[in-house]
Amino acid sequence: MNREVTLPLIVDDRGTLQVAASDVSKLLRTVGGRWLRLVEAGEEGLDEDTVAALTIELAKLADRIDVACIAHSSGQSP
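Residues numbered from 1 in each chain as written. Predicted model: local features only at pLDDT ≥ 70, side-chain atom pairs only at ≥ 80, totals over all residues. Heavy atoms only, no water.

1. Regarding a negative patch on the surface
So, point 1. There is a patch of like negative charges on the surface, built from Glu40, Asp47, Glu48 and Asp49.
So, point 2. Relative to the assigned elements, aspartate 49 resides in helix H2 (residues 48-73).
So, point 3. By relative accessible area, aspartate 49 is classed as exposed at 62%. (Patch = residues over 30% accessible without salt bridge, like charges linked within 9 Å, V, L, I, M, F, W, Y side chains within 5 Å. Areas by Shrake-Rupley, 256 points an atom, 1.4 Å probe, with all protein chains shown as cover. Salt bridge = Lys/Arg side-chain N within 4 Å of Asp/Glu carboxyl O. Lys, Arg positive; Asp, Glu negative; His and termini not counted. Charge placed at Lys NZ, Arg CZ, Asp CG, Glu CD. Helix = DSSP H or I, 4+ residues; strand = E, 2+ residues; numbered from the N terminus. Buried < 20%, exposed > 50% of the residue type's maximum accessible area, 1.4 Å probe, protein only.)

2. Some details on the environment of isoleucine 65
So, point 1. One can find isoleucine 65 in helix H2.
So, point 2. Given a relative accessible area of 12%, isoleucine 65 falls into the buried group.
So, point 3. Separated by 41 residues in the primary sequence, isoleucine 65 and valine 24 have C-alpha atoms spaced 8.3 Å apart.

3. Structural notes on the environment of aspartate 66
So, point 1. You can see aspartate 66 is positioned in helix H2.
So, point 2. In this structure aspartate 66 comes out as partly exposed when scored by relative accessible area, which is 26%.
So, point 3. In this structure, the C-alpha to C-alpha distance between aspartate 66 and valine 24, residues 42 residues apart in sequence, is 9.6 Å.
So, point 4. Leaving out residues up to four positions away in the same chain, aspartate 66 has contacts with Ser25 and Arg29. (Contact = heavy atoms within 4.5 Å.)

4. Brief notes about the packing of helix H1 (residues 21-40) against H2
So, point 1. Close contact between H1 and H2 brings their axes to 9 Å; oriented N to C, the two are set at 165°. Classified by the interaxial angle, the pair formed by H1 and H2 is roughly antiparallel. Pair H1 / H2 crosses with left-handed handedness.
So, point 2. Partitioned by chemical class, the residues of the contact of H1 with H2 number 16 nonpolar, three polar and four charged. (Axes fitted to C-alpha atoms, helices over the stretch in contact; angles between N-to-C directions. Parallel < 35°, antiparallel > 145°, perpendicular 65-115°, else oblique. Left-handed = near helix turned anticlockwise from the far one by under 90°. Nonpolar A, V, L, I, M, F, W, Y, C, P; charged D, E, K, R; others polar.)

Bear in mind that shape data such as this cannot, by itself, settle questions of function.
In structure tokens form, the structure reads like this:
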């Protein structure tokens, strides 16, 4: 299944980027890691399989952001 995700970038009136892509990918990985720790701690109401699947998807999205940034900085298309 191929799903495209478009993330709008937040820029100021001069076109300066306000949120670094590395911060976004780090945030995605941090959220997934936090969810996993909650499941491991026995937090009620969290389904282990669902949390695992969501965490994997967040990591994949973070990877895509990182790859696109590397490609952009090297002058290549992802």
